[in-house]
Amino acid sequence: MTQQEKVVSGLENVLAFESKIAYIDGNKPELSIRGYDIKDIAHRLTFEDMAFLLWNGRVPSAVERTAFAAELTDLRRVPDQVLDLLRKTPASAHPMAMLRTAVSLLGALDADADDLSPDGLVRKAKSLMAKFPTIVAAQVRIQAGKTPMEPAPWLGHAANFYHMVSGRSPDEVTRKTLDTALVLYAEHETNASTFAARVVAGTQSDFYSAVVAGIGAIKGPLHGGAIDEAMRMFMEVGSPEKAAAYVDAALAAKRKLPGFGHRVYKAGDPRAAELRVMAQALADATGERKWFDVAVATEKRMGETKNIIPNVDYFAAPVLYQLGFPMDLMTNVVATSRIAGWSAHILEQYANNRLVRPRALYTGPHGLRLEQ
Ligand SMILES: CC(C)(COP(=O)(O)OP(=O)(O)OC[C@H]1O[C@@H](n2cnc3c(N)ncnc32)[C@H](O)[C@@H]1OP(=O)(O)O)[C@@H](O)C(=O)NCCC(=O)NCCS
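About the cut-offs
Residues numbered from 1 in each chain as written. Predicted model: local features only at pLDDT ≥ 70, side-chain atom pairs only at ≥ 80, totals over all residues. Pairing = 2+ DSSP bridges. Helix = DSSP H or I, 4+ residues; strand = E, 2+ residues; numbered from the N terminus. Near = placed C-beta within 6 Å. Nonpolar A, V, L, I, M, F, W, Y, C, P; charged D, E, K, R; others polar. Domains from an automatic or database assignment. Contact = placed C-beta atoms within 7 Å.

## A word on the sheet that holds strand 2 (residues 30-33)
Taking strand neighbours across the sheet as the criterion, the three strands line up as 1-2-3 in an open arrangement whose pairing is antiparallel. Unpaired on one side and paired on the other, strand 1 (22-25) and strand 3 (36-37) mark the two borders of the sheet. Where strand 1 and strand 2 come together, four bridges link them in antiparallel fashion. Note that in strand 2 the partner of Y23 across the bridge is S32.

## Comments concerning the site of the ligand
Taken together, 17 residues sit near the ligand, with A226, K256, F260, G261 and R263 positioned nearest. Taken together, the residues of the shell around the ligand sort by class into seven nonpolar, six polar and four charged.

## What about unusual backbone geometry?
Here the bond from K28 into P29 is cis, since omega is -5°, no more than 30 degrees from zero. With respect to the element layout, P29 can be found in the loop between strand 1 and strand 2. Its identity as a non-glycine residue notwithstanding, L11 has a phi of 50°, on the positive side. Relative to the assigned elements, L11 resides in the segment before strand 1. Here R34, not a glycine, exhibits a phi torsion of approximately 50°, which is positive. Turning to its location among the elements, R34 is positioned in the loop between strand 2 and strand 3.

## Observations concerning the domain arrangement of the chain
When the domains of the chain are assigned, the result is domain 1 (30-220 + 327-351) and domain 2 (226-323). Summarising the inter-unit geometry, the C-alpha centres of domain 1 and domain 2 are found 25 Å apart. In this assembly, 19 residues from domain 1 lie in contact with 18 residues from domain 2. Listing elements by their share of the side of domain 1 that touches domain 2, those giving two or more residues are strand 2, helix 1 (38-41), helix 8 (172-185) and helix 16 (330-351). Per-element tally for the side of domain 1 that touches domain 2: the top contributor is helix 8, with eight residues. Partitioned by chemical class, the residues of the side of domain 1 that touches domain 2 number twelve nonpolar, four polar and three charged.

Okay, structure coming up:
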């Protein structure tokens, strides 16, 4: 490499891998999963179907659907050590740090953690995806001073997640809304956390380590962590009438507003369009419209001033908040969905691996000598 070569800042538009999992056209905008437009599948697949599609490249048959759901249901319970860890971690710990540590502990408890055979990898993907809702729901309840719920084997993935968080079965609107939100978040090509997970898989480290890397990356406020920050912003805005002044002051102070902007989408995030409709439907159905109205007013002002698009996290924040997820635990819900996409990419990476090892353009001094 010659020193004339340019650094691609933020690896923008760099093609790091070949992949058959997701396709994004940021200009159209379009997001397709295994060839299916997200708009067509978001409301028609369950989260379990989406995971099957991601991992197998096709929608499950009726028989496969039943068998896959049964396998996941059997894998939902987590070892007592994980619940103990969640109980003993100080409440001041970041909820994503707790999730990261819980997954790391699951890896340490798995005697076959280093089994990188295709069957061994898929077993871990199923196990982790089934256990994420159990861990996150236990976090929600422990944080609220309640006892974690047992998984409910008669409920599907999304319904059971809601049940373990709230202690009751969801009505159909709630179940469908959560299921669709999980489908929408499940996969998004070479985003920062997926890239991090693939880099770790690329060293032939174990599945759990790759997922832990993904959790570490998605925690950041420029990535999945933006959902908590977006909800915090809506609370700071407080009411639709105050949105314009809030946006103007934030932009004048050169602040980046959470839930706005995207590296790839410049003409709109297709997932945000779906979540906007869902947030409105939930507000209409429940009559609780405050956060949706604040979000719409803030979006309007941002569009008038800087013309920056809302991304997936923007309308997902009022949706998840209205479903009963605490503001500080929304990124954990996002990770509970994205484990499906991470797993697909980790499996793809192991199946056709080359160590990921870029270079840095050195800009420091040369030829220094220690004093004699
Ligand atoms: C997502 C994000 C990290 C993408 O960053 P990026 O591709 O490096 O984009 P840039 O930071 O180069 O932004 C390009 C321009 O848009 C502006 N911009 C981008 N996102 C903005 C935001 N959320 N609020 C205000 N301005 C924003 C930048 O200030 C810059 O403007 P300028 O050209 O006048 O300086 C960025 O938009 C952001 O920080 N958003 C908020 C966090 C968030 O919601 N993340 C979740 C992403 S799904």
